[in-house]
Structure formats: structure tokens, C-alpha cells
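Structural features, examined
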Amino acid sequence: MGALLAALACIALPGMARAERVTVTGQTQAVVVSPLSVVKVQDLDFGRIVPRPTAGTVTVDTVTGGCVVTGAIMQVGTCRLARFDGMGTKNMNARISLTSVVDLTGPGQTMVLDNVILGPNSTISLTGNSNANGKGVGLTKGGNGARYSITTNSGIYSLYVGGRLNVNANQAPGVYTGSISITVQYQ
């Protein structure tokens, strides 16, 4: 009897056999850059922040894109550098200016984004005096409007931007937004 049931289980009965089909979709992205242009590819993201009774900061590291936290606040989720892509020609000079301080507004007290700088992994090279105006690292080298040179053979380059978000004590929950601007003057 057991052998008979096993044999029947192996026989496909009409209407009982069915094929299942599952479809999954994913996102795709392409960045198209026209000559002498700059486009935003990715926003600067500080992840999710848990406020505390004392203030703190979250900095998106300009090399790794990871988060560095100071103070009692907690940060969870992924941080990301802002990314802008542009196109000129190899060895073309460009002056780059970037918003260095931004207010992020939302449901609570305004948070200040400062130390907004161009990361050293950007595919464009600083030319001239790297310590002009007594500034530190990144875009602030040479001050806003510093001269860079496009070094890629294709003329397409990427600019990676990080910064430090100052989180107030007991910051109200919600989404906070602000805008950073980058200006490239091709020469």
C-alpha cells in the first residue's frame, strides 16, 4: 500500500501541477554629464540621530563617507558623502566654490551644518598654494574659489563633499533639511 501511495505521489495529476513565477525589480541609475556642467548624484546623509540631553556632532568623514560622532548623541544607519559629477576636458582648470555653512530646518530648533569640505578622494586636483588664506584641508584649501585641474582622461570627474552636523541638546524628532551649493567656474 505504501508503494502504491508513493507511486501515485509521483504522478502529476491534471490541474495539480502549476508553475510559479516570481518577479523582482531593482533600481538602475545612469549619470549623463554634458560638457562644462556639474550634476548632483547623491545627497549628503547623516543617517538617523538619537538626541540626548546634551549637544553633539555627527561628521561625515570626507575619506570614508562613514560617521564620526562626538558628545552623548547616538547615530544609527548609513552616512554618505554628497557626490557631484562634472565634465570638462583633461588639464582644464576650474574654480570651485562650496557653501560652507548651512542651516537644517525641521520641526525643532535649527541645526547647523558646518565644516562643509571637498573630500580628498575627489577626482580633481588642487593647483596652486595648498595653504592659501591659512585654511585647513579639503575645499577650504586655497579658500572658496580655489583653482583645481581636471586630471581624468575623459574629463569626467567626481566631487565628494562631507561636513559636520551640530545636533542640539534634546533635538526634536523629525526630518531636517537644508541645501548645499557647489559652483564650478570652468577656465
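Sheet architecture is open: 4 strands sit in the order S10-S11-S7-S13, paired in antiparallel fashion. Of all strands in the sheet, those with a lone pairing partner are strand S10 (124-126) and strand S13 (182-186), marking the two edges. Neighbour to neighbour, the strand axes of the sheet diverge by 35 degrees on average, direction disregarded. Strand direction decides the pairing type here: strand S7 (residues 93-98) and S13, joined by 5 bridges, are antiparallel. Its bridge partner lying in S13, Ser97 is registered against Thr183.

Under the counting rule described, the total for this entry stands at 4 salt bridges. Linking Asp114 and Arg164 is a salt bridge whose minimum nitrogen-to-oxygen distance equals 2.9 Å. Here Asp114, found in strand S9 (residues 111-118), pairs with Arg164, found in strand S12 (residues 156-167); they are 50 residues apart in sequence, far enough to count as distant. According to the relative accessible area criterion, Asp114 is buried, its value standing at 15%. Arg164 gets classed as partly exposed once you look at its relative accessible area, which sits at 27%.

This part takes up a nonpolar patch on the surface. Together, Val50, Met74 and Val76 make up an exposed nonpolar region whose accessible area comes to about 200 Å². Take Val76: its relative accessible area is 34%, and that puts it in the partly exposed class.

Turning our eyes to something else, we now look at the side chain of Thr62. Of note, Thr62 is situated in the loop between strand S3 (56-60) and strand S4 (67-71). Ignoring sequence-local partners within four residues, the contact set of Thr62 consists of Leu81, Ile117, Gly119, Pro120, Asn121 and Gly162.

Turning our attention to the nonpolar core. Leu113, Leu159, Val161 and Ile180 are the most contacted members of the largest nonpolar core, which totals 33 residues. Secondary structure elements with two or more residues in this core: S3, strand S6 (82-87), S7, strand S8 (102-104), S9, strand S11 (146-150), S12 and S13. For this core, the leading source of residues is S12, giving 5 residues. If we skip the residues at most four places from it in the chain, Leu113 touches Leu44, Phe46, Ser100, Val101, Val102, Leu104, Gly163, Arg164, Leu165 and Ile180.

Relative to S12, S3 runs antiparallel, the two sharing 5 bridges. Across the sheet, Thr59 pairs through a bridge with Arg164, a residue of S12. As defined by bridge partners, S6 adjoins S12 across 6 bridges and the pair is classed as antiparallel. Note on S12: the bridge partner recorded for Asp85 is Ser158. When S9 meets S12, the two strands line up antiparallel, connected through 5 bridges. From the neighbouring strand, Leu113 faces S12, where its bridge partner is Leu165.

Another aspect to go through is unusual backbone geometry. Of note, the phi angle at Asn91 is positive, near 70 degrees, even though the residue is not glycine. Relative to the helices and strands, Asn91 is located in the loop between S6 and S7. For Asn91, a relative accessible area of 54% corresponds to the exposed category. Positive phi, normally seen in glycine, also occurs at Asn170, with a value near 50 degrees. Along the chain, the position of Asn170 falls in the loop between S12 and S13.

Cut-offs and rules
- Residues numbered from 1 in each chain as written.
- Predicted model: local features only at pLDDT ≥ 70, side-chain atom pairs only at ≥ 80, totals over all residues.
- Heavy atoms only, no water.
- Pairing = 2+ DSSP bridges.
- Helix = DSSP H or I, 4+ residues; strand = E, 2+ residues; numbered from the N terminus.
- Axes fitted to C-alpha atoms, helices over the stretch in contact; angles between N-to-C directions.
- Salt bridge = Lys/Arg side-chain N within 4 Å of Asp/Glu carboxyl O.
- Buried < 20%, exposed > 50% of the residue type's maximum accessible area, 1.4 Å probe, protein only.
- Patch = residues over 30% accessible without salt bridge, like charges linked within 9 Å, V, L, I, M, F, W, Y side chains within 5 Å.
- Areas by Shrake-Rupley, 256 points an atom, 1.4 Å probe, with all protein chains shown as cover.
- Contact = heavy atoms within 4.5 Å.
- Core = buried A, V, L, I, M, F, W, Y, C linked by side-chain atoms within 4.5 Å.

Just distances and angles here, no functional claims.
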